[in-house]
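# Summary of structural features
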Amino acid sequence: NSSATPLSSSTSQTIENLVVLGDSLAIGLGSVDVFDSNKNSSLDYELIQNLDSTTTKTSNRSNLANTTGPVFPRVLAETLAEGEQTDVHWRSAGVDGGDTRHIQDLCFGVLEEEVRQGRTPQLVVLL
């Protein structure tokens, strides 16, 4: 059967906390109108984060152009909020140009921090 099962039908747990970790897609690079001509491979890898964002169940999808934050995590949170009919707290972190080792070394601490702050994620997406 090739039909997808809706998330709410496949789990009894509501998604209220979402963390997206990974590469430039997790942090929204490439979704801006200005190209950074100074970017080169001589820069050290660093953690880039979007902190403490909440998407409400009443978000207006037609108004996406007026919202801020990385596109993929934000739209995923909006989709979950709409489907689950609840607010979704989301956080994204990533390493621009990093490989899996950089992502592991720099991003996995974000999960520990979310748990310490009482926001254990029900969904973690690794890109």
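Our structure's up above, just so we're on the same page.
This structure is a prediction, so every number in the text was calculated from the model and none was measured. Every chain begins its residue count from 1, and numbering advances along the sequence as written. Note on the predicted model: pLDDT of at least 70 is required for a residue's local features to be given, and 80 or more for side-chain atom pairs to be given and counted; whole-chain, interface and lining totals, by contrast, use all residues. By convention in this description, side-chain values take in all heavy atoms of the structure and omit both hydrogens and water.

Glancing now at the pattern of salt bridges. Counted as salt bridges are all cases of a side-chain nitrogen of Lys or Arg within 4 Å of a carboxyl oxygen of Asp or Glu. One pass over the structure, following the stated rule, counts three salt bridges. Across the pair Glu114 and Arg91 runs a salt bridge whose closest N-O atoms are separated by 2.7 Å. Here Glu114 is found in helix H4 (residues 100–116), whereas its partner Arg91 is found in strand E3 (residues 88–94), with 23 residues between them in sequence. For each residue, the accessible area found with a 1.4 Å probe, counting protein chains only, is set against the maximum for its type, and the residue is called buried under 20%, exposed over 50%, and partly exposed in between. We classify Glu114 as buried; its relative accessible area is 1%. Here Arg91 falls in the buried class, since its relative accessible area comes to 2%. Salt-bridge contacts for Glu114 lead to Arg119; the nearest nitrogen and oxygen are separated by 3.0 Å. The network of salt bridges with common partners includes Arg91, Glu113, Glu114 and Arg119. Secondary structure is summarised from DSSP: a helix means a run of H or I of at least four residues, a strand means a run of E of at least two, and numbering begins at the N terminus for each.

The next point concerns a nonpolar patch on the surface. Patch members must show over 30% relative accessible area and no salt bridge, and they are joined within 9 Å when carrying like charges or within 5 Å when they are nonpolar side chains of Val, Leu, Ile, Met, Phe, Trp or Tyr. All accessible-area figures derive from a Shrake-Rupley calculation using a 1.4 Å probe, and residue coverage is judged against the displayed protein chains alone. A surface patch of nonpolar side chains, about 230 Å² in accessible area, is lined by Leu25, Phe72 and Leu127. By the secondary structure assignment, Leu25 is in helix H2 (residues 24–27).

With that out of the way, let us pick up the pairing of strand E1 (residues 17–22). Taking burial as the measure, the six residues of E1 include six buried ones, the bulk of the element. Side chains Asn17, Val19 and Leu21 project from E1 onto one buried face, and the interleaved Leu18, Val20 and Gly22 project onto a second face that is buried too. By the bridge criterion, six bridges tie E1 to E3 in an arrangement that is parallel. Bridge pairing in E3 places Leu21 opposite Ala93. In this structure, E1 lies alongside strand E4 (residues 123–126), joined through four bridges in parallel fashion. Across the sheet, the residue bridging to Leu21 is Leu126, located in E4. At least two bridges found by DSSP between two strands are what make those strands a pair.

Moving on to unusual backbone geometry. Even without glycine at this site, Gln85 takes up a positive phi of about 55°. Within the element layout of this structure, Gln85 appears in the loop between helix H3 (71–84) and E3.

Working note: α-helix, 3.6 residues per turn, so residues spaced by three or four point in the same direction. The end-to-end C-alpha separation of H3 is 20 Å, in line with the 20 Å expected for 14 residues at 1.5 Å each. Taken as a whole, H3 has its buried residues at Pro73, Arg74, Ala77, Glu78, Leu80, Ala81 and Glu84. Projection of H3 onto a plane perpendicular to its axis shows the buried side chains occupying an angular sector of 165°, all on one side. Phi turns positive one or two residues past the end of H3, at Gln85, with a value near 55°. To estimate how far a helix should extend, the number of its residues minus one is multiplied by 1.5 Å. Starting at the helix axis, one direction is taken to each C-beta atom, and the arc is that of these directions.

Attention now moves to the nonpolar core. Residue types Ala, Val, Leu, Ile, Met, Phe, Trp, Tyr and Cys, when buried and joined through side-chain atoms within 4.5 Å, form a set referred to as a nonpolar core. Membership of the largest hydrophobic core is limited to 10 residues, which are Ile15, Leu18, Val20, Ala26, Ala77, Leu80, Ala81, Val88, Trp90 and Val125. Of all the secondary-structure elements, those providing two or more residues to this core are E1, H3 and E3. Looking at this core, the element that brings in the most residues is H3, giving three residues. One finds Leu21, Val95, Ile103 and Val110 within the second-largest nonpolar core, a separate group that totals seven residues.

In short, shape yes, function no, at least from these values alone.
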